[in-house]
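# Architecture and fold: a report
Each chain is listed here by its residues.
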Amino acid sequence: MARYSRTEGTIALITLSNPPVNALGAAVRRTITDIMHRALTDGEVKAVVLCGENGTFCAGADIREFGKPPSGPALVPLIHDMEASEKPVVAAIEGVALGGGLEIALGCHYRIAHAKARLGFPEVMLGLIPGAGGSQRLPRLIGIPAALELITTGRLVSAQEALKLGIVDQVVDGNTIETAVKFALNVIGRPLLSRRLSERTPAFSVDAAAVLEEGMARVKQRARGAFAPVVCVQALRAAATLPYSRGMETEEQLINTLIDSSQARALQYCFFAQRNARKWSLPSGARWNNSKPRAVHRVGVVGLGTMGRGITVSLVKAGISVVAVEMEEKQMDLGMRAVLGMLERDAQRRGDTRPPTHLLTFTLSLQQLGNVDLVIEAVFEDMALKKCLFTELCNVCKPSTLLCTNTSGLDVDALAVVTHRRSLVVGMHFFAPANVMKLLEVVCGPHSSAEAVATAMTLGKRLGKVGVVVGNCPGFVGNRMMKLYLDQAYFLLEEGAAPEQVDQVLEEFGFTMGIFKVSDLSGLDVGWRVRKASGLIGPDVNPKTPSRWRQGCRYSPLPDLLCEQGHLGQKSGRGWYLYETPGGKEPKPDPAMHRFLQEYRSRYGLTPRHVHAHEVIERCTYAMANEGFRILEEGIAARAEDIDVIYVFGYGWPRHRGGPMFHAAQVGLATVLQRLEHYHQLHPDVPHLQPSPLLQRLVEAGSPPVHHWREHVQHLHSYL
Ligand SMILES: CCCCCCCC/C=C\C=C\CC(=O)SCCNC(=O)CCNC(=O)[C@H](O)C(C)(C)COP(=O)(O)OP(=O)(O)OC[C@H]1O[C@@H](n2cnc3c(N)ncnc32)[C@H](O)[C@@H]1OP(=O)(O)O
């Protein structure tokens with residue numbers, strides 16, 4: 001928990017010890033409080049050095065304790081007593097000093113950090129503010145503007161940046177604890193008043209007032225409905241305008257408004273869901289911690305369209321050699337220039353003069369893939385083309401090469417069976433732009449080996465992605481649910497809504513972008529191609545089939561009609577919105593779209609009605625969650641948390657709402673069930689509004705918490 005020892009005769013060394021990250025659980029707080037008082041009252045001790053075990057200072061509060069009844073001593077009195085002491089207290093920071101850990105460090109009189117240490121207040125990412133004086137001490141140390149930026153974004157700073165900002169007094173490359181002990185010996189007897197941050201007054205200049213006002217406006221615009229960033233600014237305003245003790249009272253009042261909020265719960269749920277996603281398992285008993293990934297030094301990327309380019313950039317930035325293959329010279333040239341441009345801009349942003357282009361080989365020949373460890377295929381979503389390619393890859397690549405497909409929804413197993421190495425085929429579904437988006441769905445087919453899954457997940461981690469293992473079905477998890485979300489959005493247009501109205505409601509809910517803006521950005525032709533390939537449109541459809549009816553259920557031809565007119569979204573200057581030019585980025589409501597919708601409704605005898613915001617949210621999000629329950633029941637996703645991670649990291653779902661499954665739980669499963677029943681009654685031709693059996697059983701079982709849902713799956717089987 002925390003250890004006490006004496007060194008150099010007069011120095012008390014207090015070592016936090018709570019693996020893996022020395023979080024400040026109740027027992028740790030109790031021990032450190034006792035030990036610190038012992039050190040501060042022991043006449044033989046002249047200075048104290050505080051450090052953490054195993055190269056980590058402290059990652060802050062134990063997040064697992066949030067939401068439980070409070071126990072153990074608070075941190076504020078400990079920090080106060082430490083700071084008020086006449087004996088110098090020096091923090092020796094290795095690894096991380098985060099949240100409550102940094103608050104303790106700020107209560108010390110001096111801070112020495114290892115060059116590789118990172119410091120910060122990430123509380124905002126957990127729906128909180130620094131609540132043990134951090135919001136009052138940091139601005140007194142580094143000024144309002146810098147503190148505002150760090151606390152409202154949760155950004156961590158390197159030791160070097162911390163030194164520049166004045167957060168730490170010294171950065172060391174060698175032994176941090178030894179340096180801190182020497183430092184402590186040196187400062188014994190020096191006056192400490194100026195080192196007590198609570199004694200300082202941050203000057204509240206006109207500038208600071210403007211910074212806070214601007215900060216509040218910026219935060220409100222970016223927060224997408226999240227409370228914590230706004231409350232962070234309020235806490236900083238208190239630091240700037242009130243004496244320390246009143247500022248502390250305000251900090252306490254403010255954190256109390258957040259601590260039990262649904263947003264804090266959702267964000268803390270996301271923290272653990274993201275980490276649990278790494279802990280995959282297969283029905284064979286293979287798991288993340290008993291499966292060995294293969295070494296990947298050299299990767300082949302086939303196809304240099306948008307996805308292939310982003311994947312190539314991601315790999316190169318992670319220091320991995322890439323052989324990028326295109327079939328046509330012109331495409332190759334375009335792709336090469338795009339990749340080099342992206343790497344160049346990235347290097348410039350990081351102040352690096354030379355992008356790592358030496359890791360890249362561009363070629364028109366598949367033969368050059370003979371020696372790669374893994375291939376990521378990123379060609380068009382055309383099964384015939386992919387099958388040909390996989391057959392050829394099998395002949396070209398060495399027998400141990402893993403063959404991965406970046407398909408966004410095609411059958412991974414159908415590709416595996418054309419190869420002689422079925423166990424080495426997995427899906428690696430990146431999200432556009434692949435060098436930016438965090439999500440990676442690792443699609444495990446029935447033949448995929450644990451080694452292949454482990455290799456894809458480990459590679460994803462090296463690329464900085466959040467990997468989630470999912471089963472093989474059309475659209476996997478993300479796009480399978482997305483289809484129903486899109487269908488609801490189209491139906492809402494048929495019934496009377498406008499694209500910008502639906503988008504506004506979704507953005508107010510917290511989505512990064514409304515669904516119609518996203519469609520315009522991705523290109524309407526993407527879905528068009530998929531619908532053609534799946535026989536929903538095209539020559540295979542019986543000409544007698546009504547336009548708004550497919551495969552026994554309601555269908556909206558709206559996006560097909562737009563595509564037929566060449567309205568493909570941003571790239572054509574027109575989609576659900578109007579753009580100034582083809583390739584324009586700024587969507588404007590399109591009067592022609594409104595006329596088009598009016599004509600469409602009258603052609604099909606649809607009487608437009610006012611669609612309320614709550615209906616947009618309910619139909620879109622409950623339809624998604626309902627499909628999520630089916631996905632769980634079918635074993636395509638192992639946990640509801642995995643589905644939520646996919647939505648938060650790949651589809652712009654607001655993190656402070658936890659993900660579609662968590663949101664359904666927060667709304668109340670009984671309410672979701674009842675609303676789905678209501679909508680299904682109104683739209684019996686939309687089968688996916690019919691409540692899923694798992695949802696019904698969960699409600700019958702009294703709506704257990706999310707992590708118990710799997711226990712209610714009736715015939716537990718897994719496609720994973
Ligand atoms: C009502 C009761 C409340 C009691 C309050 C007590 C008073 C405390 C006083 C002040 C409170 C201040 C607020 C805070 O401090 S909030 C916490 C702020 N800190 C964070 O947000 C840090 C979160 N952690 C991270 O960012 C990373 O984990 C990091 C430390 C950078 C390490 O990253 P990495 O090396 O990639 O490793 P993992 O992320 O996989 O983490 C390893 C395992 O450690 C678990 N973990 C990490 N941090 C915490 C934590 N703060 N609490 C509990 N557990 C934590 C993580 O889940 C991993 O576990 P596992 O291996 O099982 O998956």
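About the thresholds
- Residues numbered from 1 in each chain as written.
- Predicted model: local features only at pLDDT ≥ 70, side-chain atom pairs only at ≥ 80, totals over all residues.
- Heavy atoms only, no water.
- UniProt positions renumbered as here; feature names shortened; annotations may be inferred.
- Helix = DSSP H or I, 4+ residues; strand = E, 2+ residues; numbered from the N terminus.
- Rg over C-alpha atoms; globule rule 2.2 N^0.38 Å.
- Buried < 20%, exposed > 50% of the residue type's maximum accessible area, 1.4 Å probe, protein only.
- Contact = heavy atoms within 4.5 Å.
- Lys, Arg positive; Asp, Glu negative; His and termini not counted.
- Charge placed at Lys NZ, Arg CZ, Asp CG, Glu CD.
- Pairing = 2+ DSSP bridges.
- Axes fitted to C-alpha atoms, helices over the stretch in contact; angles between N-to-C directions.
- Near = heavy atom within 4 Å.
- Areas by Shrake-Rupley, 256 points an atom, 1.4 Å probe, with all protein chains shown as cover.
- Nonpolar A, V, L, I, M, F, W, Y, C, P; charged D, E, K, R; others polar.
- Parallel < 35°, antiparallel > 145°, perpendicular 65-115°, else oblique.
- Expected span 1.5 Å × (residues − 1).
- Polar contact = N/O pair within 3.5 Å; in protein donor to acceptor, adjacent residues only side chain to side chain.
- Salt bridge = Lys/Arg side-chain N within 4 Å of Asp/Glu carboxyl O.
- Right-handed = clockwise from strand over helix to strand, strands pointing away.
- Phe/Tyr/Trp six-rings, centres within 6.5 Å; stacked < 30°, edge-to-face > 60°.
- Lys NZ or Arg CZ within 6 Å of the ring centre and 35° of its normal.
- Left-handed = near helix turned anticlockwise from the far one by under 90°.

- Per an unreviewed UniProt entry, the protein chain goes by the name Peroxisomal bifunctional enzyme and belongs to Electrophorus electricus.
- The Subunit (unreviewed entry) field of the UniProt record for the protein chain holds the comment "Monomer."
- UniProt, in the comment section headed Pathway (unreviewed entry), describes the protein chain in these words: "Lipid metabolism; fatty acid beta-oxidation."

## Regarding the overall build of the protein chain
- From N to C terminus, the protein chain includes 27 helices and 19 strands.
- Its C-alpha atoms give the protein chain a radius of gyration of 28 Å, near enough to 27 Å, the size a compact globule of 720 residues would have.
- By its C-alpha atoms, the protein chain is 95 × 60 × 55 Å across when sized along the principal axes.
- Counting only residues that meet the buried cut, the protein chain has 56% of its 720 residues in that class.
- Taking the intrachain contacts of the protein chain between residues at least 6 apart in sequence as the baseline, contacts between residues at least 24 apart amount to 72%.
- If the 78 positive side-chain charges of the protein chain are averaged to one point and the 70 negative ones to another, these points end up 3 Å apart.

## Notes on the sheet that holds strand β15 (residues 425-430)
- The strand order β12-β11-β10-β13-β14-β15-β16-β17 describes an open sheet built from 8 strands, whose pairing is mixed. Edge positions in the open sheet fall to β12 (360-363) and β17 (466-471), since each of these has one partner strand only. Going from strand to strand, the sheet's axes swing by 25 degrees on average, the running direction of each strand aside.
- Summarising the sheet, strand β10 (residues 298-302) and strand β11 (residues 321-325) pair through 5 bridges and their orientation is parallel. Bridge pairing links Val 302 to Val 325 in β11.
- Sitting on the sheet, helix α12 (residues 306-317) is in contact with β10, β11, β12, β13 (374-377) and β15, with an inclination near 170 degrees to β10.
- Set on the sheet, helix α16 (residues 450-462) makes contact with β13, β14 (402-405), β15, β16 (439-444) and β17; between it and β16 the angle comes to about 175 degrees.

## Remarks on the site of the ligand
- Contacts to the ligand come from 25 residues, most closely from Ala 59, Ala 61, Gly 100, Arg 275 and Arg 278.
- Here the ligand has 1200 Å² of accessible area as a free molecule, and 75% of this is covered by the chains.
- Among the elements of the structure, α3 (100-107) and α11 (262-276) are those that each provide at least two residues to the shell around the ligand.
- Top contributing element to the shell around the ligand by residue count: α11, with 3 residues.
- Split into classes, the residues belonging to the shell around the ligand amount to 13 nonpolar, 3 polar and 9 charged.

## Considering the UniProt feature "domain: 3-hydroxyacyl-CoA dehydrogenase C-terminal" (unreviewed entry) in the protein chain
- On the UniProt side, "domain: 3-hydroxyacyl-CoA dehydrogenase C-terminal" (unreviewed entry) is annotated at positions that read residues 475-579 and 616-703 here.
- In residues 475-579, the share of helix is 51% and the share of strand is 4%. The end C-alpha atoms are 29 Å apart.
- Between the C-alpha atoms that bound residues 616-703 the distance is 24 Å, and the span itself is 67% helix and 0% strand.

## Some points on the sheet that holds strand β9 (residues 170-172)
- The 6 strands lie next to each other as β1-β2-β3-β4-β6-β9, forming an open sheet whose pairing is mixed. Single-partner strands in this sheet number two, and they are β1 (2-7) and β9. Each adjacent strand pair in this sheet contributes to an overall mean axis angle of 20 degrees, direction not counted.
- When strand β2 (residues 11-16) meets strand β3 (residues 47-52), the two strands line up parallel, connected through 6 bridges. The residue bridging Ile 14 from the neighbouring strand is Leu 50, located in β3.
- Of the strands in this sheet, β1, β2, β3, β4 (89-93), β6 (110-114) and β9 are in contact with helix α7 (residues 176-187), which crosses β6 at around 155 degrees.

## Considerations on the packing of helix α17 (residues 478-495) against helix α22 (residues 591-603)
- Where α17 contacts α22, the axes come no closer than 9 Å and their chain directions differ by 80 degrees. Overall, the two elements α17 and α22 adopt an arrangement that is roughly perpendicular. Together, Leu 493, Glu 494 and Glu 495 of α17 and Leu 597, Tyr 600 and Arg 601 of α22 make up the contact between the two elements.

## Focus on α22
- Its 13 residues give α22 an end-to-end C-alpha distance of 18 Å, which sits within 8% of 18 Å, the value for a rise of 1.5 Å per residue.
- Residues of α22 that are buried make contact with α17, α18 (499-509) and α21 (558-564).
- A distance of 3.0 Å separates the backbone nitrogen of Ala 592 from a side-chain oxygen at the start of α22, and that oxygen is part of Asp 590.
- In the segment just after α22, Gly 605 is the residue with positive phi, at about 65 degrees.

## Quick look at the pattern of salt bridges
- Taken as a whole and judged by the stated rule, the model has 40 salt bridges.
- Its salt-bridge partner being Lys 517, residue Glu 507 comes within 3.0 Å of it at the nearest N-O pair. Taken together, the positions of Glu 507 in helix α18 and Lys 517 in helix α19 (residues 515-522) put the pair 10 residues apart, joining distant regions of the chain.
- Residue Glu 507 is classed as partly exposed on the basis of its relative accessible area, which comes to 25%.
- By sharing partners, the salt bridges in this structure join Glu 494, Glu 495, Arg 548, Arg 554, Arg 609, Glu 615 and Arg 619 into a single network.

## Let's talk about the pairing of β12
- Sheet analysis places β11 next to β12, joined by 4 bridges and oriented parallel. Among the inter-strand pairings, Ala 324 is bridged to a residue of β12, identified as Phe 362.
- For the segment spanning β11, helix α13 (residues 329-349) and β12, crossover handedness is right-handed.

## Looking at the packing of aromatic side chains
- Summed over all chains, the structure comprises 14 aromatic pairs.
- The rings of Tyr 485, Phe 509, Phe 511 and Trp 653 are connected pair by pair, giving a single aromatic cluster.
- The residue whose ring lies beneath Arg 275 is Phe 271, and the NZ or CZ to ring-centre distance is 3.7 Å.
- Across the ring face of Phe 509, the terminal group of Arg 657 is positioned such that the distance to the ring centre comes to 4.0 Å.

## What to know about the packing of helix α4 (residues 134-142) against helix α9 (residues 228-241)
- Taken N-terminus to C-terminus, the directions of α4 and α9 make an angle of 60 degrees; their axes are 9 Å apart at the nearest point. Comparing the axis directions of α4 and α9 gives the class oblique. Crossing hand, α4 versus α9: right-handed. Residue-level contacts link Ser 135, Gln 136, Pro 139 and Arg 140 of α4 to Ala 235, Leu 236, Ala 238 and Ala 239 of α9.
- Residues that form the contact of α4 with α9 fall into these classes: 5 nonpolar, 2 polar and 1 charged.

## Remarks on the side chain of Ser 448
- The topology assignment puts Ser 448 in the loop between β16 and α16.
- Residue classification places Ser 448 among the buried positions, given a relative accessible area of 9%.
- Here Gly 445 takes part through its backbone nitrogen, which lies 2.7 Å from a polar atom of the side chain of Ser 448.
- Those residues within four positions of Ser 448 in sequence are excluded, and the remaining contacts are Arg 422, Ser 423, Val 425, Val 426, Val 443 and Val 453.

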